[in-house]
Amino acid sequence: MRQIAYTCLACILFIPSAAQPAAAEGLRAGAAKVVITPDVHAATVYLAGYGQNRVATGVHDDLYARCLALEAGADTVEVCAADLIGLFYDDVLKIREMVKNQAPQVNHLIVASTHDHEGPDTMGLWGPSPLQSGIDEKYMALLRERIAQAAVDAARSMQPAHLTLGRDDHPLLAMLQSDSRPPFVKDPYLFVMHLVSDSSGQTIADLINWSDHPETLGGKNTEITADYPHWLCQYVESHSGGTAIFVNGSIGGLLSSNGPSVALQDPETGAVAADNTWRKAELFGDTIGQLAERAVKGGEAVKVDSLDFRGAVIFVPLHNDRFRVAGANGVFGGRKPLYTDGRIDPSVAEKDIPGMGEMKLSTGHDVQTEVSYIRLLAAGRLTAEIVTVPGEVYPELVNGGITRYPGADYPDAPFEPAIREHLASRYQFIFGLANDELGYIIPKAEYDDQPPWLLNRKERWYGEINSAGPDVAGVVTNALVGLIDRR
Ligand SMILES: [Zn+2]
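It should be emphasised that the depicted structure is a prediction, and the values quoted were computed from it without experimental measurement.

A.B. asks: When you look at helix α5 (residues 278-297) in this model, what are you seeing that I'm missing?
C.D. replies: The periodicity of an α-helix, 3.6 residues per turn, causes residues three or four positions apart to be oriented the same way. Taking 1.5 Å per residue as the helical rise, α5 with its 20 residues ought to reach 28 Å, and the 29 Å between its terminal C-alpha atoms agrees with that figure. Looking at the buried side of α5, the elements it contacts are β7 (159-168), β9 (190-197), β10 (203-210) and α4 (228-240).

This is the structure in structure tokens:
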């Protein structure tokens, strides 16, 4: 299996750019948002994240899908971010079909999830029991319709606009990210796109890209909320006008808004806001909102006149038997079919799974997913880049710093390329959980699914249980570098 990660560039299918008639010069932008909160009274809503069978009892604040459409030259690239734990590629492809019918000018649609841990189960893993799906298909159909609607609304509202790019990379930003696993590499970079209408001078949108698990409310809360992104977007919208779109980044490892090391002082009481409280989520969202505002104030106006989109469909080897069992037992609701040699492989087998007994599991080799790389150009000059990653990437795969520890399952595994080493602009947006959610994307040299555990710890580290396997990182990062380095 090992060689696959580094030869799989050969199995990439490049996604062609659909030919579009040349549009007006300069940049056009549009934004829209739509509520995607499930009705907790109409059906049982299983909350995603933490343990199974956490049933929603109410709604604290609405969940949204928020979209930004950008057109320059012949291309329209649109990104939608939804307050969800994750959305599989299967649903993203259906949303794209719907958008294509209503807004054919959108030739590249990215659908990302904020990784909200206080919203409905859209992946199936948090139902009443491990073999019972938490997905409500009626809600999923409505969800796809709503996200598509927001995407269409954003595209139809596009107007001539100017862009300011903002960035904050103060090391103190890392103090807002708790990290539970060595190496303690974080991704403290915050990037903002601020779009203003040429004609009215009003803000159209602010897109904020930052890395942290939205899990401030913890696993005991049963009220639906978007977590800190709710307050972040509320802060930015009330200060800047327009629509705020939050896109999460490199959150593997795992970077979290929760944990005592993320100490936010409540200005009203002078005390540090406690974990699992609404107040901490509010202070957290407001803080990131203020940082985004500051980044725009110190930002750089750029005259983007073309977009260069590069995408690839890739096949990632699946090793995690838990996901194979889930797939074979309908937990994903027919999503995430497995592939062998690039073709759907529906075969199943019985196997004794430790802790689960004799189980039915899918036996295909790979999952299909997608990566992309987008360049924003001004008179041929590279001004900003967007990288989309189909899961929760460990920050060391983005920033460098993969480390060998005793206990690793693949002690001699070569290091994957660090994504930012291949990026060349000052504004390097990393869109995590984009177009898919493959779980943790872990450097192979740090992968540890078998004892002894890394650094001779007594129990296993958290991570591998929610990862597709040790070869995901190699396939994803090499595919991305292949797109980035293409000239
Ligand atoms: Zn996560």
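A.B. asks: Would you take a moment to explain the packing of α4 against α5 for this structure?
C.D. replies: For the pair α4 and α5, interaxial distance at closest approach is 7 Å and the crossing angle is 45°. The orientation of α4 with respect to α5, classified from their angle, is oblique. For the element pair α4 and α5, the recorded crossing hand is right-handed. Contact residues: Tyr228, Trp231, Leu232, Tyr235, Val236 and His239 in α4; Trp278, Ala281, Glu282, Phe284, Gly285, Asp286, Ile288, Gly289, Gln290, Ala292 and Glu293 in α5. When its residues are assigned to classes, the contact of α4 with α5 shows ten nonpolar, four polar and three charged.

A.B. asks: How should I be thinking about the pairing of β7 in this particular structure?
C.D. replies: Along any regular strand, the residues point their side chains to alternate faces of the sheet. Here strand β2 (residues 27-35) pairs with β7 via two bridges, running antiparallel. Note on β7: the bridge partner recorded for alanine 29 is glutamine 159. Note that β7 and β9 share eight bridges and pair antiparallel. Directly across from leucine 165, in β9, lies its bridge partner methionine 193. Relative to strand β14 (residues 300-302), β7 runs antiparallel, the two sharing three bridges. Across the sheet, residue leucine 165 finds its bridge partner in β14, namely glutamate 300.

A.B. asks: Where do I start with the environment of threonine 222 in this structure?
C.D. replies: As for its position among the elements, threonine 222 is in the loop between β10 and β11 (223-224). Looking at threonine 222, the relative accessible area reads 25%, which means it is partly exposed. Put simply, threonine 222 and arginine 96 are 126 residues apart on the chain and 32 Å apart in space, counted from C-alpha to C-alpha. Look past the residues within four positions of threonine 222 in its chain and what remains in contact with it is Leu47, Arg54, Val55, Ala56, Thr57 and Gly58. Within the structure, threonine 222 has its side chain in polar contact with the side chain of threonine 57 (distance 2.8 Å).

A.B. asks: Quick question: what am I supposed to make of the state of the cysteines here?
C.D. replies: By definition, a disulfide links two cysteine residues through a covalent bond between their sulfur atoms. Across all of its chains, the model carries one disulfide by this definition. Each disulfide pairs two cysteine sulfurs, and for cysteine 67 the partner residue is cysteine 80, the sulfurs being separated by 2.2 Å. Handedness here is read from the sign of the S-S torsion; for cysteine 67 and cysteine 80, about 110°, the answer is right-handed. In this pair, cysteine 67 sits in strand β4 (residues 64-72) while cysteine 80 sits in strand β5 (residues 75-82), placing the two residues 13 residues apart along the sequence.

A.B. asks: Please explain the environment of valine 92 as it appears in this structure.
C.D. replies: By secondary structure assignment, the location of valine 92 is in helix α2 (residues 89-102). On the basis of relative accessible area, valine 92 is assigned to the buried category, the value being 0%. Valine 92 sits 29 residues away from aspartate 121 along the chain, and the two C-alpha atoms are 16 Å apart. With residues near it in sequence (within four places) discarded, valine 92 still touches Leu87, Val111 and Asn435.

Reading guide: rules and limits
Residues numbered from 1 in each chain as written. Predicted model: local features only at pLDDT ≥ 70, side-chain atom pairs only at ≥ 80, totals over all residues. Heavy atoms only, no water. Helix = DSSP H or I, 4+ residues; strand = E, 2+ residues; numbered from the N terminus. Expected span 1.5 Å × (residues − 1). Contact = heavy atoms within 4.5 Å. Axes fitted to C-alpha atoms, helices over the stretch in contact; angles between N-to-C directions. Parallel < 35°, antiparallel > 145°, perpendicular 65-115°, else oblique. Left-handed = near helix turned anticlockwise from the far one by under 90°. Nonpolar A, V, L, I, M, F, W, Y, C, P; charged D, E, K, R; others polar. Pairing = 2+ DSSP bridges. Buried < 20%, exposed > 50% of the residue type's maximum accessible area, 1.4 Å probe, protein only. Polar contact = N/O pair within 3.5 Å; in protein donor to acceptor, adjacent residues only side chain to side chain. Disulfide = S-S within 2.5 Å.

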